[in-house]
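Structure at a glance
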Amino acid sequence: MTGVDPSLLDDQQLMKELETIHRTRHDTLLHGSNDALRTHNERMAQLEGEYLRRNPRRPVSQGRTRAGARERQSEGGS
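Below: a short report on this structure. (Residues numbered from 1 in each chain as written. Predicted model: local features only at pLDDT ≥ 70, side-chain atom pairs only at ≥ 80, totals over all residues. Heavy atoms only, no water.)

Taking 1.5 Å per residue, 21 residues should reach 30 Å; helix α2 (residues 34-54) reaches 30 Å between its end C-alpha atoms and fits that length. Within α2 the residues assigned to the buried category are L37, H40, R43, M44, L47 and E50. Viewed along the axis of α2, the buried residues span an arc of 160 degrees, placing them on a single side of the element. Exposed and facing more than 90 degrees away from the buried side of α2 are N34, D35 and R53. (Helix = DSSP H or I, 4+ residues; strand = E, 2+ residues; numbered from the N terminus. Expected span 1.5 Å × (residues − 1). Buried < 20%, exposed > 50% of the residue type's maximum accessible area, 1.4 Å probe, protein only. Arc of directions from axis to C-beta.)

Note on placement: R23 falls in helix α1 (residues 11-31). Residue R23 is classed as exposed on the basis of its relative accessible area of 60%. Along the chain, R23 and D10 lie 13 residues apart, while their C-alpha atoms are 20 Å from each other.

Here is the structure:
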């Protein structure tokens, strides 16, 4: 594993790690080696998995669901 085990991070540290990995995602995808991208994918999955484990009832925006997306499409005439 690269980095600190996500389960050992406090909530603030976990959010900081998530913000950092999401911020660097695009550059890693476009310019990183296959190994760098693989490592990035694994770390992001670990961090996001820990966030979801800690927040199983996180608020979900209706617009971020399939039903919400269909509603947006029908409003736009598509």
